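# Residue-level structural notes
Chain residues, written in single-letter form:
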Amino acid sequence: MKRVRTWQLCRTGKFGADGATITKKDLEEIVETFAPPRPISIGHDAAKADNFPKFGDVIAINGIYDDPKHPGEKVLVCDVVLHPELEKQFDDKADGNGVYEGWSVTIPRRASDGKRYLHSLAICGATPPKIPELEQLMVKSCFSDNDTVEVYDFCDSVEFQEESSMTEEEKKKMADLEAENKKLKEAQKASEDKKKSDDEKSRQDYADMAARCEALEKGIRDEKVKALTDRFSDKVPAGVMPKIKAVAEVLSAAGECEFSDGSETKKQSALDAFADVLGGIFTVTANKEILDDQFDAGEYSDKAKKGGESEKGNPADIAVRM
């Protein structure tokens, strides 16, 4: 057999020397946040440790009702089931040895949203009640074949553990701290937005500068290529000049070349080296043309030779022997 007891859990009003207050809103939050079953312990301390056994459960909340014995107040009504060993010691006027006569709820606020919830129900012995005249409304004995309902009046008490109310000064300090915290968050967001904007501007400025530098470098390379092609424009056949210009453009973007004559190492840009090579080629060609103009290809007189004989040959070959 299981006995389901219907109890007044707590009611609205102010209680105790410290004026702890329970409001209708508190009762509504308990109904909203109720998650059955909630454990029943002997005394409040047992509900604070996980190595103590439980002695029953709060299995349901029936609702919030007008309290006929306390006009204008509301009362929260629930169903509880006690452990059989606790049933023997609980005083409900009909039986039990009277060791325990009342109950007490623990209804703290949740950290997530500040709403009250039923944490546990403590069975009290010698602890004085904070909320007087709470009643057991009904006891329902449940059998396997049928149900027998017995109703008892039970005027007993509940110790209500109310969180300490803040003073007006504390509330003001809390409001000031919240306002300051809001300002700090707004300032932080503004700073982050400004930093983001500054970073974007810096990236754009860097990209613009890089583009300008690239344009400037290209302009310098183009001028160098133009100077080279202008220098040899009258020496290179028109059909060959586009190829020389294409090679010059590639070399203008290359790095430096390093040359050594055995005693000295010299660094020079690839384009300048190309210009020197072309210059050397055209200098040799020009010298050959001068020799061809100054000497007859048929004769050269070598007075130092014995007998004063003349020598015939190509002027360029003769120039090499000279």
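This is a predicted model, so every value here is computed, not measured. (Residues numbered from 1 in each chain as written. Predicted model: local features only at pLDDT ≥ 70, side-chain atom pairs only at ≥ 80, totals over all residues. Heavy atoms only, no water.)

### Examining the overall build of the protein chain
For the protein chain, the helix and strand inventory stands at six helices and 15 strands. In the protein chain, the proportion of contacts linking residues at least 24 apart, taken out of those at least 6 apart, comes to 57%. For the protein chain, the exposed surface amounts to about 21100 Å²; the carbon and sulfur share of it is 53%. (Helix = DSSP H or I, 4+ residues; strand = E, 2+ residues; numbered from the N terminus. Contact = heavy atoms within 4.5 Å. Areas by Shrake-Rupley, 256 points an atom, 1.4 Å probe, with all protein chains shown as cover.)

### Some thoughts on the nonpolar core
It is characteristic of soluble globular proteins that their nonpolar side chains tend to be buried jointly. In terms of nonpolar packing, the biggest core is built from 26 residues, with W7, V58, L118, L121 and I123 touching the most fellow members. Among the elements of the structure, strand 1 (2–11), helix 1 (24–33), strand 5 (56–66), strand 6 (74–82), strand 7 (102–106), strand 8 (120–124) and strand 9 (131–142) are those that each provide at least two residues to this core. Excluding residues that lie within four positions of it along the chain, L118 makes contacts with L9, I30, F34, R38, V58, V105, T106 and I107. Membership of the second largest hydrophobic core comes to twelve residues, among which are V225, F232, I244 and A248. (Core = buried A, V, L, I, M, F, W, Y, C linked by side-chain atoms within 4.5 Å. Buried < 20%, exposed > 50% of the residue type's maximum accessible area, 1.4 Å probe, protein only.)

### Digging into helix 1
When helix 1 is considered as a whole, its buried residues turn out to be D26, L27, E29, I30 and T33. Projected onto a plane normal to the axis of helix 1, the buried residues spread over an arc of 160° and lie on a single side. Of the exposed residues in helix 1, the ones pointing more than 90 degrees away from its buried face are K25 and E32. Where helix 1 is buried, its residues contact strand 1, strand 3 (20–22), strand 5 and strand 6. (Arc of directions from axis to C-beta.)

### Quick notes on the packing of aromatic side chains
The geometry of an aromatic ring pair comes down to the distance between the two centres and the angle between the two planes. Enumeration over the complete set of coordinates arrives at one aromatic pair. Ring geometry for W7 and W103: centres 3.8 Å apart, planes at 10°, overall stacked. Here W7 is found in strand 1, whereas its partner W103 is found in strand 7, with 96 residues between them in sequence. In terms of burial, W7 and W103 fall into one category: buried. (Phe/Tyr/Trp six-rings, centres within 6.5 Å; stacked < 30°, edge-to-face > 60°.)

### Here's the deal with the pattern of salt bridges
This model, assessed by the stated rule, comprises 18 salt bridges. The salt bridge involving E29 is made with K25; its shortest N-O contact spans 2.4 Å. On the criterion of helical spacing, the pair formed by E29 and K25 is a turn pair, its members being four residues apart in helix 1. The exposure class of E29 is buried, given its relative accessible area of 5%. The partner of R221 in a salt bridge is E214, with the nearest N and O atoms 3.6 Å apart. Salt bridges sharing partners connect three or more residues here, namely K25, D26, E29, R109 and R116. (Salt bridge = Lys/Arg side-chain N within 4 Å of Asp/Glu carboxyl O.)

### What to know about unusual backbone geometry
A cis geometry characterises the amide bond from P36 onward to P37, with omega recorded as -10°. Looking at where P37 falls in the secondary structure, it is placed in the loop between helix 1 and strand 4 (38–42).

### Details of the confidence of the model for the protein chain
Residues at a pLDDT of 70 or more form 75% of the protein chain, whose mean pLDDT is 77. At the level of individual helices and strands, the protein chain shows its lowest average pLDDT in strand 11 (residues 154–158), which scores 39, and its highest in helix 1, which scores 94. Below pLDDT 50 for its whole length, residues 302–306 participates in two contacts with residues either more than four positions away or in separate chains. In the model, residues 318–322 has pLDDT below 50 throughout and makes four contacts with residues more than four positions away in sequence or in other chains. (pLDDT = per-residue confidence, 0-100.)

### Thoughts on the side chain of E29
Of the polar contacts made by the side chain of E29, one reaches the backbone nitrogen of R116; its length is 2.9 Å. Those residues in contact with E29 that lie beyond four places of it in its chain are R109, G114, K115 and R116. (Polar contact = N/O pair within 3.5 Å; in protein donor to acceptor, adjacent residues only side chain to side chain.)

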